[in-house]
Amino acid sequence: MNSPLPVPARLPLTRRRLLSATGALGLGALLTACGADDDKAGAGAGSADGAGKGGPWSFEDDRGRTAKADELPRRIVAFISTAAALHDYGVECTGVFGPSEPIGGKPNPQAGDLDLTKLTSLGRAWGEFNIEKYAALRPDLLISNMFPPPDLWYVPAESVKKIEALAPSVGITGGRVSLRQPLTRYTELAQSLGADLTAGKTVAAKARFDRAEKTLRAAAEAKKADGGLKVLAMTGDAEQMYVGVPDSYCDLNYFKDLGVEFVEGEKSDEFGFWEFLSWENADKYHADLIMVDNRSTALPAAELAKRPTWSRLPAVKADQITPWSMEERYSYAGYAPVLEQLAAAITKSRRLA
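Only a predicted model underlies this, so the values are computations on that prediction, with no experimental measurement involved.

1. Focus on the overall build of the protein
Scanning the protein for helices and strands turns up 12 helices and 13 strands. Per-residue burial over the protein gives 57% buried out of 353 residues. Roughly 14700 Å² of accessible area belongs to the protein as shown, and the carbon and sulfur atoms make up 50% of that amount.

2. Observations concerning the nonpolar core
The biggest cluster of nonpolar side chains holds 85 residues, and the ones touching the most others in it are W57, I143 and F255. If one sorts the elements of this core by residue count, helix α12 (residues 332-348) sits on top with 9 residues. In this structure, M234, V243, W310 and L352 belong to the second largest nonpolar core, which totals 19 residues.

3. Focus on the packing of helix α7 (residues 200-225) against α12
Packing of α7 against α12 leaves a shortest axis separation of 8 Å and a crossing angle of 20°. The angle between α7 and α12 falls in the class roughly parallel. Considering only the axes of α7 and α12, their crossing is left-handed. On α12, the residues touching A205, K206, R208, F209, A212, E213, T215, L216, A219, A220 and K223 of α7 are Y332, A333, Y335, A336, P337, L339, E340, L342, A343, I346 and T347. Residue classes in the contact of α7 with α12 are distributed as 15 nonpolar, 2 polar and 5 charged.

4. Focus on the pattern of salt bridges
As enumerated under the stated definition, the model contains 21 salt bridges in all. Here D88 makes a salt bridge to R329, at a shortest N to O gap of 2.5 Å. Placement of D88 in helix α3 (residues 80-88) and of R329 in the loop between β13 (321-324) and α12 is noted, with a sequence separation of 241 residues between them. As far as burial versus exposure is concerned, D88 and R329 are alike and both buried. Across the pair K256 and E264 runs a salt bridge, and its minimum N-O distance is 3.0 Å. With a relative accessible area of 28%, K256 lands in the partly exposed category. A relative accessible area of 37% means that E264 is categorised as partly exposed. When salt bridges with common partners are traced through the structure, they connect D61, R63, R65 and E164 into a single cluster.

5. Topic: the pairing of strand β2 (residues 66-69)
Alternating residues of β2 divide into A67 and A69, all buried, and T66 and K68, none buried. Alignment of strand β1 (residues 57-60) against β2, held across 4 bridges, turns out to be antiparallel. Bridge pairing in β2 links F59 to A67. A loop of 5 residues connects β1 with β2, the two strands running antiparallel in sequence, and G64 in this loop sits at a positive phi of about 80°.

6. Topic: the sheet that holds strand β3 (residues 76-79)
Spatially, the 5 strands line up as an open sheet ordered β5-β4-β3-β6-β7, and their pairing is parallel. The outermost strands of the open sheet, each flanked by one partner alone, are β5 (120-121) and β7 (169-173). In terms of strand pairing, β3 meets strand β4 (residues 95-97) through 3 bridges, oriented parallel. Residue pairing across strands places F79 opposite F97, the latter belonging to β4. Packing of helix α6 (residues 180-192) onto the sheet brings it into contact with β6 (141-146) and β7, and relative to β7 it is tilted by some 155°.

7. Looking at the environment of M146
Tracing the sequence through the fold places M146 in strand β6. A residue is classified by how much of its surface remains accessible, and M146, at 0% relative accessible area, is buried. A sequence separation of 26 residues divides M146 from I172, and the C-alpha atoms of the two residues are 5.8 Å apart. Discounting chain neighbours no more than four positions away, the residues touching M146 are D62, R63, D151, L152, G171, I172, T173, G174 and G175.

8. Thoughts on the environment of A344
Among the secondary structure elements, A344 is positioned in helix α12. Distance from A344 to T322, taken between C-alpha atoms, is 9.5 Å for residues 22 residues apart in sequence.

9. Structural notes on the environment of E71
Inspection of the secondary structure assignment puts E71 in the loop between β2 and β3. Note: C-alpha distance between E71 and G54 (17 residues apart in sequence) is 6.3 Å. Beyond its immediate sequence surroundings of up to four residues, E71 is in contact with G55, P56 and W57.

10. Notes on the packing of aromatic side chains
Scanning the entire structure with this criterion turns up 19 aromatic pairs. Here Y254 and F255 contribute two aromatic rings whose centre-to-centre distance is 5.9 Å and whose plane-to-plane angle is 50°, an arrangement assigned as tilted. Take Y254: its relative accessible area is 1%, and that puts it in the buried class. For the pair Y330 and Y335, a centre-to-centre distance of 6.3 Å together with 5° between the ring planes defines the contact as stacked.

Conventions used here
- Residues numbered from 1 in each chain as written.
- Predicted model: local features only at pLDDT ≥ 70, side-chain atom pairs only at ≥ 80, totals over all residues.
- Heavy atoms only, no water.
- Helix = DSSP H or I, 4+ residues; strand = E, 2+ residues; numbered from the N terminus.
- Buried < 20%, exposed > 50% of the residue type's maximum accessible area, 1.4 Å probe, protein only.
- Areas by Shrake-Rupley, 256 points an atom, 1.4 Å probe, with all protein chains shown as cover.
- Core = buried A, V, L, I, M, F, W, Y, C linked by side-chain atoms within 4.5 Å.
- Axes fitted to C-alpha atoms, helices over the stretch in contact; angles between N-to-C directions.
- Parallel < 35°, antiparallel > 145°, perpendicular 65-115°, else oblique.
- Left-handed = near helix turned anticlockwise from the far one by under 90°.
- Contact = heavy atoms within 4.5 Å.
- Nonpolar A, V, L, I, M, F, W, Y, C, P; charged D, E, K, R; others polar.
- Salt bridge = Lys/Arg side-chain N within 4 Å of Asp/Glu carboxyl O.
- Pairing = 2+ DSSP bridges.
- Phe/Tyr/Trp six-rings, centres within 6.5 Å; stacked < 30°, edge-to-face > 60°.

Given below as structure tokens:
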């Protein structure tokens, strides 16, 4: 594969490790309702001086580090889905890194609504990060996700000292927490960077997310009352199928909270994100609905279809398949359609023998 699944990037980059894991104005009450159950929700928000005003800026990230600048950062470089999340709040980046190439002629879902022609790409594949281009952008701030802390996703471990010497950095956790946490944290980060959380587009996105959450919860409860529906989240490469461990992924963790019943993959290694299965053993678990990794680095549908054990799975034969946006941008605008899509798939699917 050209890009890893979540795994701490500070460890030596072997092929196995590549594959082994991969309170705001106007919205304060809504964010509290969404994130009150998370220990870190609401903690570490940017300083008030950084929220659209002159003067110093600071933000405490999920590593417990405080990024600081003499004024509001303007030249921001971020992981592709991070830049897409900030764009949803009206905060624009100068450069991006990570997968952004089209998939099957369609825009990469990790890029959200970004206009990639206006952004400098520092590299698309794992291990690609052009330091010279990065320096030429005169960056004020670097932002990425973490799976889990302290490593910044897609920032090469061997170059991290050089990269972080050029600008402060912020890391937001996307692993082993509920989705509510990164959603809240990116809202706080965007506000600290000058986002107007009372903007109509932002308020509408949160309202749509709240409706979608209720719809998904209702769909899950209806299936449970009707005997249950087992959902399996997976990705794959030429050699193996990888079954997700729900508690390790913030979206699956959150969907479980809403009542979705998942196949619980067993942790295959110390990272704990996946169970590795040979394609011969792809039928180890029964699933009524399968969520398939939608990233450009995942095995495409045409290649999956060539594997006999995949084609014989009951959910595949019944066409009970739905995309898994496993690296969706952490914004309410990004995740509202994800919740709607999963709710529709659950409602449409039936329990299989």
